[in-house]
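Structure assessment
Here's the letter readout for the chains.
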Amino acid sequence: MNERLQNLKAAADGTFLMYIDGEWVPSSNGKTRELKNPANGETVGSVAAGTREDAERAIRAARRAFDEEGWPETTAQERAKLLFQLADEIEANGPELAAMETLSCGKPLREAEYDVADAAGCFRYYAGLATKPGGQTFEVPAPSQSFVVREPVGVCGQVVPWNFPLLMCAWKLGPALAAGNVSVLKPATLTPLSALRLGTLIEKTGFPKGVVNILTGPGAELGQYLAESPLVDMIALTGGTDTGRQIMHAAAGNIKKIALELGGKSPNIVFADADFETAVDYALFGIFVNSGQVCSAGSRLIVEESLHDRFVERLVERAKQIRVGDGFDPETEMGPLVSAQHLQTVEGYIRTGLEEGARLLCGGKRPEGELGSRGNYLLPTIFTNTRPEMRIVQEEIFGPVLVVQTFTNEQEAIRLANDVVYGLAGAVFTTDVAKAHRVIKKLRAGITWINTYHPTYNEAPWGGYKQSGIGRELGTFGLEEYTEVKQINVNLAVEPTGWFRN
């Protein structure tokens, strides 16, 4: 077994096990799935490939923990204590968890270390929020008293993606557990390792059996089952928009609550009066961090026409200098894509862009030599001469591919920015404060930045407009997603109304 994985729970044959009802178990049919290191194609290990039978067992364990064994009745202080302890465990095991992230999805180790620290911070944030006031009272006519309380939704099916494996677990579990819910967590098929290691820390921390269950296996089958099950009260997904549609259809069976954080094709608008080097730097960061595998990536660079040639020349010069390599190499600035299949998908978009008539300025191919032949690497790629109707402009590529558009005035910049079905994120770079705020207000997006790109805060809501999703994660908004609102009215004068004659 890889030394970085020695603390995972495994069967006698070395297969990594699932965590269901407080026990580490194999798949009910004994099937497994191989996990590959995207940096070199080598097999990392095998993980249990869960079935619908396993999902049913996990759901029933969660149902019992919620309905019969008192988890919702635990005090906010008790839940907060457990979440604080879990954050401490994550921090104490940070180097190991970061290594698992890099091994699983290929991102540079320095990025993985940020993710782990952010995950611990997320659990701490919700630990603190759990004990804060959350209801309302109303002044109503005597002799009545009226107030509102927030109660946990119940059993939550939570499906997380492969681009931020541990951090997305924290975004889902933190608010759900703080509010008194129970979870059946489904990590991505390609990257379940850090979620399983988190399961060992949840077990060590002392969360009761059935409160958190971690189910590994095929996403299309298990995610669908969680969404369909009448025993699941809520389904929360971070993933692609097509998957979100499927989840919505499945969840309609019992009208369960849904929270969907989906795709994006986010605009990064640069005006001619922007601080030049800052705008170039963030344009690179916006698209090439995590190899462009970020839902909020600034994948559409919309540059004022008078600045275009100078800006793109500098951008390409910098992009060609980005060090592509294995995430464990400290010199690496951009790692591989998550899988060979995903690399082929992104390469397909590059061919499409060329066929549509876009001009390729750099990248568009794998690195030469052993690096490109063994791992899922793609060089930073930039297209110009694009048109709004092009697929590479309209569709989410989810890779290190930037498309450049131009505008001549503020109104055109806004029109281009909003001219996609997504509305997750967007940014504006300008030294004109009034213009920055005018444009930001016009962007149909849920996450926006001025003179920066990508900073995320546990305190602030995360989510999008249009086909980028439903609901919000993080902040107080994220906690509210995992609650139901109950109105309670009390009669303080217990006597007949006299409404009907005796």
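Check the entry above for the structure.
A short tour of the structure in this document, coming up. Remember, it's a predicted structure, so these values are computed and weren't measured experimentally.

**Focus on the overall build of the protein**
Scanning the protein from N- to C-terminus turns up 16 helices and 22 strands. A compact globule built from 502 residues should have a C-alpha radius of gyration of about 23 Å, and the protein, at 24 Å, falls within 12% of that. Over its C-alpha atoms, taken along the principal directions, the protein stretches across nearly 85 × 60 × 40 Å. In the protein, which comprises 502 residues, the share counted as buried stands at 58%. Partitioning the contacts of the protein with sequence separation of at least 6, the portion at a separation of at least 24 is 73%. If you sum the accessible surface of the protein, you get close to 21,100 Å²; carbon and sulfur atoms cover 49% of it. If you average the places of the 49 positive and of the 62 negative side-chain charges in the protein, the two averages end up 3 Å apart.

**Some thoughts on the packing of helix H3 (residues 94-105) against helix H4 (residues 109-129)**
It is the contact of H3 with H4, at a shortest axis distance of 8 Å, that shows an interaxial angle of 125°. Classified by the angle between their axes, H3 and H4 sit oblique to one another. Handedness of the H3/H4 crossing: right-handed. Each of Gly94, Leu97, Ala98, Ala99, Glu101 and Thr102 in H3 lies in contact with H4, whose residues at this interface are Leu109, Ala112, Glu113 and Val116. Taken together, the residues of the contact of H3 with H4 sort by class into 6 nonpolar, 2 polar and 2 charged.

**Considerations on the pattern of salt bridges**
Counted under the stated rule, the structure contains 28 salt bridges. A salt bridge links Glu347 to Arg366, with the shortest nitrogen-to-oxygen separation between them at 2.7 Å. With Glu347 in helix H11 (residues 340-355) and Arg366 in the loop between strand S14 (359-362) and helix H12 (370-374), this pair connects stretches of sequence that are 19 residues apart. Look at Glu347 and you get buried, because its relative accessible area is 15%.

**What to know about the sheet that holds strand S22 (residues 483-491)**
One open sheet accounts for 3 strands, arranged S5-S6-S22; its pairing is antiparallel. Of all strands in the sheet, those bounded by a partner on one side alone are strand S5 (136-138) and S22. Ignoring which end each strand starts from, the neighbouring axes of this sheet average 20° apart. Relative to S22, strand S6 (residues 144-152) is paired through 9 bridges, and the arrangement is antiparallel. Pairing of Ser146 across the sheet is with Asn489, part of S22.

**Considerations on the side chain of Thr216**
Its place among the elements puts Thr216 in the loop between strand S9 (212-214) and helix H7 (219-228). Within polar-contact distance, the side chain of Thr216 engages the backbone oxygen of Ala48 at 2.6 Å. Setting aside anything within four residues of it in sequence, one finds Thr216 in contact with Met18, Val47, Ala48, Ala49, Gly50, Pro187, Pro192, Leu196 and Leu222.

**A closer look at the packing of aromatic side chains**
Inspection of the entire model under this criterion finds 10 aromatic pairs. Here the aromatic rings of Tyr19 and Trp24 are separated by 4.8 Å at their centres, their planes lie at 35°, and the arrangement is tilted. Judged by relative accessible area, which is 4%, Tyr19 ranks as buried. What makes Trp24 buried here is its relative accessible area of 16%. Considering the side-chain rings of Phe276 and Phe311, the 5.7 Å spacing of their centres and the 80° angle between planes classify their relative orientation as edge-to-face. Of this pair, Phe276 sits in helix H9 (residues 276-288) while Phe311 sits in helix H10 (residues 305-319), and the two are 35 residues apart along the sequence. Overall, Phe276 belongs to the buried group, its relative accessible area being 14%. Accessibility expressed as a relative area gives 0% for Phe311, which makes it buried.

**A closer look at the pairing of strand S10 (residues 234-238)**
The buried fraction of S10 amounts to 5 of the 5 residues, a majority that puts the element mostly inside the structure. Examined bridge by bridge, strand S7 (residues 155-159) and S10 share 4 bridges and lie parallel to one another. Residue pairing in the sheet places Cys156 in a bridge with Met234 of S10. Of the pairings in the sheet, the one linking S10 to strand S11 (residues 257-261) comprises 5 bridges and is parallel in character. Each residue of the ladder has a partner; that of Thr238, found in S11, is Glu261. With helix H8 (residues 241-251) bridging S10 and its parallel neighbour S11, the resulting β-α-β unit is right-handed.

**Some thoughts on the environment of Glu139**
As for its placement among the helices and strands, Glu139 is situated in the loop between S5 and S6. Take Glu139: its relative accessible area is 85%, and that puts it in the exposed class. Placed 261 residues apart in sequence, Glu139 and Pro400 show a C-alpha to C-alpha distance of 56 Å.

**Here we look at the environment of Gly353**
Mapping Gly353 onto the fold places it in helix H11. As a C-alpha pair, Gly353 and Phe66 span 287 residues in sequence and 51 Å in three-dimensional space. Discounting residues that sit within four places of it in the chain, Gly353 has contacts with Ala358, Phe383 and Ile392.

**A look at the sheet that holds strand S18 (residues 425-429)**
The strand order across the open sheet built from 7 strands is S14-S15-S16-S13-S12-S18-S19, with neighbouring strands paired in mixed fashion. A single partner strand is all that each edge strand has here, and the edge strands are S14 and strand S19 (447-450). Recorded for the sheet is a direction-independent mean angle of 20° between the axes of neighbouring strands. One ladder, built from 4 bridges, connects strand S12 (residues 267-270) with strand S13 (residues 300-304); its direction is parallel. Looking at S13, one finds that Pro267 is bridged to Arg300.

Conventions used here
Residues numbered from 1 in each chain as written. Predicted model: local features only at pLDDT ≥ 70, side-chain atom pairs only at ≥ 80, totals over all residues. Heavy atoms only, no water. Helix = DSSP H or I, 4+ residues; strand = E, 2+ residues; numbered from the N terminus. Rg over C-alpha atoms; globule rule 2.2 N^0.38 Å. Buried < 20%, exposed > 50% of the residue type's maximum accessible area, 1.4 Å probe, protein only. Contact = heavy atoms within 4.5 Å. Areas by Shrake-Rupley, 256 points an atom, 1.4 Å probe, with all protein chains shown as cover. Lys, Arg positive; Asp, Glu negative; His and termini not counted. Charge placed at Lys NZ, Arg CZ, Asp CG, Glu CD. Axes fitted to C-alpha atoms, helices over the stretch in contact; angles between N-to-C directions. Parallel < 35°, antiparallel > 145°, perpendicular 65-115°, else oblique. Left-handed = near helix turned anticlockwise from the far one by under 90°. Nonpolar A, V, L, I, M, F, W, Y, C, P; charged D, E, K, R; others polar. Salt bridge = Lys/Arg side-chain N within 4 Å of Asp/Glu carboxyl O. Pairing = 2+ DSSP bridges. Polar contact = N/O pair within 3.5 Å; in protein donor to acceptor, adjacent residues only side chain to side chain. Phe/Tyr/Trp six-rings, centres within 6.5 Å; stacked < 30°, edge-to-face > 60°. Right-handed = clockwise from strand over helix to strand, strands pointing away.

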